[in-house]
Amino acid sequence: MATTAIDRTRRLLSLVTYLRERPGARVDEVARAFGVTEDELISDLSVLPMCGTSFRGGDLLDIDTDGEHIWWYNAEATGSTTGQPLRLAADEATALLVAARAVATMPGLRAGDRDALLRLTAKLEAAAGESARASSRVSVTFESEGGVFAEVDRAIAERRRLRIRYYSPGRDELTDREIDPIRLFAVGHTYVEAWCHRTEARRTFRLDRVASIELLDVPADPPPIEPRDLSEGLVQPAPTDPEVVIEVGPGGRWVAEYYAHDEAEELPDGGLRIALRTPDPITLRRLALRLGGDGRIVAPARLADSAREAAREALRAYEELG
């Protein structure tokens, strides 16, 4: 499967920790540990010296290789215990203060967490000085997702069941479910992994698609299951999933950066022919509509027809408005 920019970023971040703990590591052993070729690893090593805690001399990673071993000459200088104290600019201090105050007002937030946030806010205000005045003139109100997050977080802490009304965009319908929440996590959006009593299976729900939520006086008792490994992203296509082929123009090349794919073939116009797999191909209709003139679904034919019909319906809706 082709590697995306996101995959490579994850690998680079992991590589920093790995090399810090293994001075003089062998190139072949590191490549084998990360499942890449030695040439791919050397390419990654050429990027790392451009990374660091800042762009000042000495703060960038001084990493080099002789082709056989990898040497990190300033690992201690860039460590968390010996680096320079963190200094916040005025806009950074303002953003942190506004965010801390907003989170502290979220409904359902545990008392201990709220107290910790208020103590943190007081310390930030004292450290920020004049910068804190600007933050007092800005307020943020969370919409439904903030309340949903707080209720889910509380349900996990108190091991209680939830009743939710959930929107499924692929089927364009709302369903009522009772779930035993297992954990919250973020991959682009915020999700809750839970045991769904409607399907009697583990499911993942995106918080901004929860239309309503109720905390029940019923103990949550999900079966003992291992949390999903999200190191490769939320969507992890299986080799047996249906294949979808999409052609994009130069303006749609970003698709190959954000979607795991099996193949990306260059086209004469500067675009790409991308082959990817998904357990639910119908969800890619929204991608086709988003691409507009920058891309189209080529196969399977039924999905291509469905995307064209969705585009026609959207155009008819605009014509009626006109």
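How each quantity is defined
- Residues numbered from 1 in each chain as written.
- Predicted model: local features only at pLDDT ≥ 70, side-chain atom pairs only at ≥ 80, totals over all residues.
- Heavy atoms only, no water.
- Salt bridge = Lys/Arg side-chain N within 4 Å of Asp/Glu carboxyl O.
- Helix = DSSP H or I, 4+ residues; strand = E, 2+ residues; numbered from the N terminus.
- Buried < 20%, exposed > 50% of the residue type's maximum accessible area, 1.4 Å probe, protein only.
- Core = buried A, V, L, I, M, F, W, Y, C linked by side-chain atoms within 4.5 Å.
- Contact = heavy atoms within 4.5 Å.
- Arc of directions from axis to C-beta.
- pLDDT = per-residue confidence, 0-100.
- Pairing = 2+ DSSP bridges.
- Axes fitted to C-alpha atoms, helices over the stretch in contact; angles between N-to-C directions.
- Parallel < 35°, antiparallel > 145°, perpendicular 65-115°, else oblique.
- Polar contact = N/O pair within 3.5 Å; in protein donor to acceptor, adjacent residues only side chain to side chain.

*Asks:* Just checking my understanding: could you explain the pattern of salt bridges for this structure?
*Replies:* Oppositely charged side chains can form a pair if their charged atoms are brought close together. With the rule as written, the count across this model stands at 22 salt bridges. The residue Arg202 makes a salt bridge to Glu193 at a minimum N-O spacing of 3.3 Å. Residue Arg296 pairs with Glu247 through a salt bridge whose shortest N-O separation is 3.2 Å. Here the residue Arg296 occupies a position in strand β11 (residues 295-299), and Glu247 occupies one in strand β8 (residues 243-248), the gap between them amounting to 49 residues. The exposure class of Arg296 is partly exposed, given its relative accessible area of 48%. It is possible to trace a salt-bridge network through shared partners that takes in Arg161, Arg163, Glu178, Asp180 and Glu214.

*Asks:* Help me out: how do you make sense of the nonpolar core in this one?
*Replies:* The nonpolar side chains of a soluble globular protein tend to be buried, and buried together. In this structure, Leu19, Val30, Leu41, Leu45, Leu48, Ile63 and Ile70 are the most contacted members of the largest nonpolar core, which totals 17 residues. Among the secondary structure elements, those contributing two or more residues to this core are α1 (5-20), α2 (27-34), α3 (38-47) and β2 (70-72). Per-element tally for this core: the top contributor is α1, with 4 residues. Look past the residues within four positions of Leu41 in its chain and what remains in contact with it is Leu15, Val27, Val30, Ala31, Val36 and Ile70. Membership of the second largest hydrophobic core comes to 16 residues, among which are Val248, Ile297, Ala304 and Ala307.

*Asks:* Help me out: how do you make sense of the environment of Pro239 in this one?
*Replies:* Inspection of the secondary structure assignment puts Pro239 in the loop between β7 (210-219) and β8. On the accessibility criterion, Pro239 (72% relative accessible area) is exposed. Spatially, the C-alpha atoms of Pro239 and Asp262 are 9.6 Å apart, while their sequence positions differ by 23 residues.

*Asks:* Quick question: what am I supposed to make of α2 here?
*Replies:* Of all the positions in α2, only Val27, Val30 and Ala31 are classed as buried. One side of α2 holds all its buried residues, which, seen down the axis, span an arc of 100°. For α2, exposure combined with an orientation more than 90 degrees from the buried face picks out Arg32 and Ala33. Immediately beyond the C-terminal end of α2, within one or two residues, lies Gly35, with a positive phi of roughly 70°.

*Asks:* I tried to follow the confidence of the model for the chain on my own but got confused; where do I start?
*Replies:* On average, the chain scores 79 in pLDDT, and the residues at 70 or more come to 79%. The weakest mean pLDDT in the chain belongs to helix α6 (residues 131-135) at 66; the strongest belongs to β7 at 92.

*Asks:* Which parts of the structure should I look at to understand the sheet that holds strand β9 (residues 263-266)?
*Replies:* Within a sheet, each strand pairs with its neighbour through backbone hydrogen bonds, oriented either parallel or antiparallel. Pairing is antiparallel in the open sheet, where 4 strands are placed in the order β9-β10-β8-β11. With partners counted over all chains shown, the strands left at the sheet margins are β9 and β11, one partner each. Recorded for the sheet is a direction-independent mean angle of 20° between the axes of neighbouring strands.

*Asks:* Hey, could you run me through α3 in this one?
*Replies:* For α3, every residue scored as buried is listed here: Leu41, Asp44 and Leu45. The buried residues of α3 occupy one face: seen down the axis, they fall within an arc of 100°.

*Asks:* For this particular structure, what's the right way to read the packing of α2 against α3?
*Replies:* Packed helices, taken two at a time, are described by the angle between their axes plus the distance between the axes. As a packed pair, α2 and α3 sit with axes 9 Å apart at the nearest point and diverge in direction by 95°. Between α2 and α3, the crossing angle belongs to the class labelled roughly perpendicular. Residues Val27, Asp28, Val30 and Ala31 of α2 lie in contact with α3, whose contacting residues are Glu38, Leu41 and Ile42.

*Asks:* What exactly am I supposed to notice about the environment of Arg183 here?
*Replies:* Note on placement: Arg183 falls in strand β4 (residues 173-187). For the pair Arg183 and Glu193, spaced 10 residues apart in the sequence, the C-alpha separation amounts to 5.4 Å. A distance of 2.6 Å separates polar atoms of two side chains, one belonging to Arg183 and the other to Glu193.

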